[in-house]
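Now for the letters of each chain:
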Amino acid sequence: MAHAASHSAAHAAHAAHGDHGHDHGHIVIPQRTLLVVFGILLLGTLATVAAAQIEVWFAATFDVVIPQWVNVAVALSIAAVKSTVVALYFMQLRYDNPFNSLVVVFTLFTLAFFLGFTMLDLGSRKALYDYKGSYVTAGGQGNISVPARPGAPAGAEYETIPAGTSIAQFARITAARQAEQTLANGGTLPAQLAVFCAQEIQRLQADGKPLPPYLVKFEQVREQYAAILAKKMGHGHADSAHAEQGASANHARVRTGLTLPEFSQHSSHSKDSGHSKDAGPAATPAGDNPAAK
Amino acid sequence: MASISGTNVGAHGHDHAHHDEPYLTPKSSLWATIIDWATTIDHKKIGVMYLVAVLFMFFLGGVAALAVRVELLEPTRTVTTTVNGETTVQITGSVMHSVGMATDMASAGDWYNKIFTLHGLIMVFLVIVPSIPASLGNFLMPLMLGAKDVAFPKLNLASWYIYLFGSFFAIASAVVGGVDTGWTFYTPYSTITDAGHWKVVFMILAAFILGFSSILTGLNFIVTVHKLRAPGMGWFDMPLFVWGMYGTSLIQVLATPVIGITLLLLIFERLFHIGIFDPRMGGDPVLFQHFFWFYSHPVVYVMILPGMAIMSELIAVFCRKKVFGYRAVAFSSLAIAAIAFVVWGHHLFTSQGEVAAAVFSALTFLVALPSAVKVFNWVATLYKGSIDLKTPMWYALGFLFLFSIGGLTGLFLGALSVDLHLHDTYFVVAHFHYVMMGGTIIAFIGGIHMWWPKMFGKMYNEFWGQTGFWLVFIGFNLTFFPQFIMGVHGMPRRYASYVDEFLIYHQLSTVGSWVLLLGFLVHFFNFVHSLAAGPKAPPNPWGALTLEWTDAASPPITHNFHHEPVVTHGPYDYDDVVPAQTKPGEFPLPPKAEGRTVHVVKAGH
Amino acid sequence: MTSFPVENSGLGAAADRPYHETYRQAEHFRTQADEFDAVKLGVWLFLATEILLFSGLFVFYGIMRMLHPEAFIHGSSLLDWRWGLLNTLVLLYSSYTVASAVRCAQVGDQKGLQRNILITFVMGLLFLVIKFVFEYAPKYAEGKLPGFWYSYPNWESPYEPLWWGMYWGATGVHASHVIIGMGLFVWLYIRARKLHFGPKHYNAVEGVGLYWHIVDVVWIFLFPMLYLIH
Ligand code: HEM
Ligand SMILES: [Cu+2]
């Protein structure tokens, strides 16, 4: 029986993996181990949160610019460690048939190829020929019909965004509309509208433009929203550097190495022309943006 | 190889429970039989049901293809004639128009778009992808491995119902008006066409659901290969069919989920406009092409690997020779499966960035290597084999010829600079038909012929089988070869009209499609005749050495084997083993047997 | 190595009805060990498909972040990481309890098994409650919605509707997995109450457990990607 050899070889291979103490060949992981693993996971979670906070604090305190990839790399490495621990112990890969681990490894390879090659394309557009990059109007050119926003004429199911207006800009137009209606009726603005009004005032004043009536009205009742505004806009106000960058900074934010032309372009746009125009030729591929890689 | 003569695999003396009846035995009443089939977890029945369904879908897709070809018999034109100062505008060359389905140019074009989309979608998602794995694969994998069933029989049944459910959506979308996006669903067209209608969503859902069916089949096969091989069967004692299916299954499991999320995102994009594929919101329409082809390139190997799997069996059995380079053929299946994942960008040469295009072009050439390894090994197996030119063998030879053309033209297309000219022309259409139809479908038909006696216990008529082959072979080349020439001359795909220069090619092609139709009809009636009045098949009519022939009856019993087979020889050891035959002397003696005891493996009954 | 580390068997009132009576090995497997390994391999292959299903969302994130970092940075700052952290802790704990459930089944601790399944279910519910009540609902009210639904005025990059598309898409697909998992835990709980599981038969517990861990692992990545990276 020439093939008997390969037969027993196959079974030996089978016996080789896993522990064949009882008829399942499966190990019972002690409760202690499970607890320790859980502890490690908690620590990992704290570490990634802490890392993010420390970075913000560090950048703010020492006024340094930490490149973006540091943040990404730290967060993702910790996540990778945590998942490995989960896979090895909770999911018992460590004690399991090695083929199961192989399945996971192949899966991760597949994912890596998917992400890697797709990024290769989208990150290298326009490398040789300009026309391969995309020229689009940031956030759309309007002329589309969207579900009705708050404050739309009663009964309207859809509204059409005017030509040349992006969805994001339309959000501001409808916000202004809603704020105007609410203030006219003597109602109370929801938090994000209050913030919007305050920001809008800031933007218009920076441009030296007159305030429309609803913002004037808002100025009169501003006190009412002081708490909200302090919470949502507080930090940004104090930090002149941020204000210069045009960021309204709802939250304290780390100064990253992000210097996308588009970013500053957009900010200046919104400063000097309110929100009537979109940022110019945007969708700049990250080829121009070393920070994003 | 010690004495294996008289291994008593066939001898048995145990109770004949009802599991010992042939699996096709009907139940007491028609209703009971229907219920039995609808709830069966027997891999053989599920395989047969898949076979019927896939062939039916092939028929539907074929009707669509014939309609496409007929429409292209003449270019669709608007002819303006002025007689006595009176101008009449006429539409010529459109069948849709002349049968009254289309009223004007635009609707004639619309019909054309919908029909070729339907053709592509049916053929890809409902025919080729499930064809070999789900029908022949389901039927044969456990038999070849000496197992009673696949690892998860209930999942297998689930996959069958998921397939039906998905087909329902596909047909539904056609019934409510049809989709005209092409089978590739490219954005932004697919997210905006027919806004407010559900047709496109239905069709996307259909493809999404069918993906699950495909995943379940693949998952089942992988586990079956790992856990249910007969005692004595090591990895390299498996028939090459199993290796091919194993590679296929790996791709199905690893690639199909990506089309799942792609189609889900496409549906989100269409219904909720999340923006990922919409440049107006910062998304990228070409990103969809990446997502789509990340699945769909590997999936072309899901289509061809099973064809190659069948090829290895056909060639070995009908040359009575050990497959040349068994391990090379086995590993090339895995290599194909692996490389398949890194070449998808060759479908986007004209749309992606040039750096990525160059990288993908280079990688594409890699995938030709394992495919060539297989072709060379098959050809080497022919050498000095005792070739038996039965219908399946003709199909094997047909495959070698057609797949080589398809594969080589693939290399032209993989060359970046050449593809910029050939992309979206008929050259591409011809290429993928040479591989999908000339490869997979040809192997599939050959495989159906080879395993027909095993599946249904009846022989088919050899003369009509071979007649059918020649009609299909000639019809196929007549249909698709002219398309290569048109393509090179610049005939774009997906157009209902063309300039006169292409008239002759289109007409040849359309006539070819009729010859093809004739060939398929011959096969169809041959099979029907065989079921009704064919002679009873012996357990091992081809004298093959794999377990489904040596150890199982034709058709097999419900539990496949009376005794669990013990593997005592390799699947292709024709050099020193001869299977027991119904007619002694029908098969040549093994060369090495001269002057020695002939090793005879008994048949299952 | 024949002795099996049985701790408290905890069979209680149903001790007279041994768990394994309900278990029959499927006949096409040669041994129970084969069946066990087969099921586990099947589950792992399924998990591979799950990972790859989520891969599409990770690529979505990666590409769009690469193209529009400013939108993603500002978008992220509009999320409150504390809810994300709380949810992470909830899921991690549920991962721990489900691992314990497998262990309880292995050692025949029926009470512990039932308890752990129940806790895991409750944790899943808690996750969803936090998600829907404290995250989805306010965002919905403020118009932080994908694409055409977007109406939040305080943006900094015109691409922010895209960020919200990613946020809702990724968390939505993840949440749907949590919901499916909860359904599976209900099923497990019913079976555990009927004492279907024990040292020789805990395939189902382990399989669902593995699925739940993957749901957790996906969240382990989504949490920093969505809430922390700035
Ligand atoms: C039965 C004989 C067949 C004929 C006569 C035929 C004919 C055609 C024609 C004429 C086209 C081009 C439509 C156009 O773009 O203008 C086409 C496209 C296509 N065919 Fe076939 N075909 C046949 C069989 C198959 C088979 C077996 C498959 C299996 C996969 C298949 C898959 C496709 C696909 C995927 C497309 C591309 C659809 C698209 O991208 O628009 N065809 N076929
Ligand atoms: Cu391809």
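Report on the accompanying structure. What you see is a predicted model; the values in this text were computed from it and never measured.

Section: the overall build of chain B
Stage number 1. Along the backbone of chain B there are 17 helices and four strands.
Stage number 2. Rg of the C-alpha trace for chain B: 25 Å, near the compact-globule value of 25 Å for 605 residues, within the 12% margin.
Stage number 3. Expressed as lengths along the three principal axes of its C-alpha atoms, the size of chain B is roughly 90 × 55 × 50 Å.
Stage number 4. Expressed as a percentage of its 605 residues, the buried residues of chain B come to 62%.
Stage number 5. Counting contacts in chain B only where the partners sit at least 6 residues apart, residues at least 24 apart contribute 79% of the total.
Stage number 6. Summed over its atoms, the accessible surface of chain B is roughly 21,100 Å², and 71% of this surface lies on carbon and sulfur atoms.

Details of the packing of helix α12 (residues 391–414) of chain B against helix α14 (residues 426–456) of chain B
Residues and elements named next belong to chain B.
Stage number 1. For the pair α12 and α14, interaxial distance at closest approach is 8 Å and the crossing angle is 160 degrees. When the axes of α12 and α14 are compared, the pair comes out roughly antiparallel. Seen along the crossing, α12 lies across α14 with a hand that is left-handed.
Stage number 2. Residues belonging to the contact of α12 with α14 are distributed by class as follows: 16 nonpolar, 12 polar and no charged.

Some remarks on empty space enclosed by the protein
Residue and element names in this part refer to chain B.
Stage number 1. Going through the model one piece at a time under the given rule, you end up with 13 cavities of 30 Å³ or more.
Stage number 2. Approximately 110 Å³ is the volume found for the second largest cavity.
Stage number 3. As for the second largest cavity, its lining consists of 14 residues, and the residues nearest its centre are Val-129, Pro-130, Leu-210, Ser-213 and Ser-214.
Stage number 4. Those elements that provide at least two residues to the lining of the second largest cavity are α4 (105–145) and α7 (199–227).
Stage number 5. Looking at the lining of the second largest cavity residue by residue, the classes come out as nine nonpolar, five polar and no charged.

Regarding the coordination of the iron atom of ligand 1
Residues and elements named next belong to chain B.
Stage number 1. Around the iron atom of ligand 1, the protein contributes the donor atoms His-119 (NE2) and His-433 (NE2), which lie 1.8 to 2.2 Å from the metal centre.
Stage number 2. One way to put it: the six donor atoms around the iron atom of ligand 1 meet at angles of 83 to 179 degrees, and that makes the site octahedral. Residue His-119 is located in helix α4, and its partner His-433 is located in helix α14; the two are separated by 314 residues in the primary sequence. The same class applies to His-119 as to His-433, namely buried.

A word on the pairing of strand β1 (residues 77–83) of chain B
Residue and element names in this part refer to chain B.
Stage number 1. Inspection of the sheet shows β1 paired to strand β2 (residues 86–92) by seven bridges, in the antiparallel sense. When the bridges of β2 are listed, Arg-77 appears paired with Thr-92.
Stage number 2. The loop that links β1 with its antiparallel partner β2 comprises two residues; one of these, Asn-84, has a positive phi angle of about 50 degrees.

Overview of helix α2 (residues 31–62) of chain A
Stage number 1. Its 32 residues place the ends of α2(A) 45 Å apart at the C-alpha level, agreeing with the 46 Å of an ideal helix rising 1.5 Å per residue.
Stage number 2. Buried residues of α2(A): Leu34(A), Val37(A), Phe38(A), Leu41(A), Gly44(A), Thr45(A), Thr48(A), Val49(A), Ala52(A), Glu55(A) and Ala59(A), and no others.
Stage number 3. Contacts made by the buried residues of α2(A) are with α3 (68–90) of chain A together with α3 (81–107) and α6 (203–228) of chain C.
Stage number 4. Just downstream of α2(A) lies Asp63(A), where phi reads positive at about 50 degrees.

Some points on the pattern of salt bridges
A side chain of one charge can pair with a side chain of the opposite charge when the charged atoms of the two come close.
Stage number 1. Scanning all chains against the criterion turns up 20 salt bridges over all chains.
Stage number 2. We note a salt bridge from Asp284(B) to Arg125(A), for which the minimum N-O separation is 2.9 Å. Taken as a pair, Asp284(B) in the loop between α8 (240–272) and α9 (285–319) and Arg125(A) in the loop between α4 (98–123) and β1 (145–147) lie in two separate chains rather than in one. Accessibility classification places Asp284(B) together with Arg125(A) in one group, the buried group.

Comments concerning the coordination of the copper ion (ligand 2)
Note on metal geometry: ideal angles are 109.5 degrees for four donors arranged tetrahedrally and 90 or 180 degrees for six donors arranged octahedrally.
Stage number 1. The protein atoms that coordinate the copper ion (ligand 2) are His297(B) (ND1), His346(B) (NE2) and His347(B) (NE2), at distances of 1.9 to 2.1 Å.
Stage number 2. For His297(B), a relative accessible area of 4% puts it in the buried group.

Some remarks on the interface of chain C and chain A
How big an interface is tends to be reported as the loss of accessible area on association of its parts.
Stage number 1. Opposite the 82 residues of chain C that make contact, chain A presents 92 residues.
Stage number 2. At the boundary of chain C with chain A, total buried surface from both sides reaches about 7,500 Å², with 69% on carbon and sulfur atoms.
Stage number 3. On the surface where chain C and chain A come into contact, there are one salt bridge.
Stage number 4. For Asp96(A), the salt bridge goes to Lys40(C), with nearest N and O atoms at 3.0 Å.
Stage number 5. For the side of chain C that touches chain A, the elements supplying multiple residues, two or more each, are α1 (32–67), α2 (69–77), α3, α4 (110–142) and α6 of chain C.
Stage number 6. Of the residues forming the side of chain C that touches chain A, the biggest block, 22 residues, is contributed by α1(C).
Stage number 7. Here the side of chain C that touches chain A is built from residues that sort into 52 nonpolar, 19 polar and 11 charged.

A word on α4(B)
Residue and element names in this part refer to chain B.
Stage number 1. Here α4 contains 41 residues, and its C-alpha end-to-end distance of 57 Å stays within 8% of the 60 Å for a straight helix at 1.5 Å per residue.
Stage number 2. The sharpest bend along α4 measures roughly 60 degrees and falls at Ser-131, with the proline Pro-133 sitting one to four residues further on.
Stage number 3. Count one or two residues on from α4 and you reach Gly-146, which has phi positive near 75 degrees.

About the cut-offs
Residues numbered from 1 in each chain as written. Chains lettered and ligands numbered in written order. Predicted model: local features only at pLDDT ≥ 70, side-chain atom pairs only at ≥ 80, totals over all residues. Heavy atoms only, no water. Helix = DSSP H or I, 4+ residues; strand = E, 2+ residues; numbered from the N terminus. Rg over C-alpha atoms; globule rule 2.2 N^0.38 Å. Buried < 20%, exposed > 50% of the residue type's maximum accessible area, 1.4 Å probe, protein only. Contact = heavy atoms within 4.5 Å. Areas by Shrake-Rupley, 256 points an atom, 1.4 Å probe, with all protein chains shown as cover. Axes fitted to C-alpha atoms, helices over the stretch in contact; angles between N-to-C directions. Parallel < 35°, antiparallel > 145°, perpendicular 65-115°, else oblique. Left-handed = near helix turned anticlockwise from the far one by under 90°. Nonpolar A, V, L, I, M, F, W, Y, C, P; charged D, E, K, R; others polar. 1 Å grid on protein atoms, 1.4 Å probe; cavity = no way out; pocket = protein on both sides within 12 Å on 5 of 7 lines; lining within 4 Å. Points joined across faces, edges and corners; volume = space filled by probe spheres on them. Donors = N, O, S within 2.8 Å, 3.2 Å for Na, K, Ca; no water. Tetrahedral: all angles 85-135°; square planar, octahedral: opposite > 155°, others 65-115°. Pairing = 2+ DSSP bridges. Expected span 1.5 Å × (residues − 1). Salt bridge = Lys/Arg side-chain N within 4 Å of Asp/Glu carboxyl O. Buried area = accessible area lost by both parts, 1.4 Å probe. Bend = angle between axes of the 7 residues up to and from the residue.

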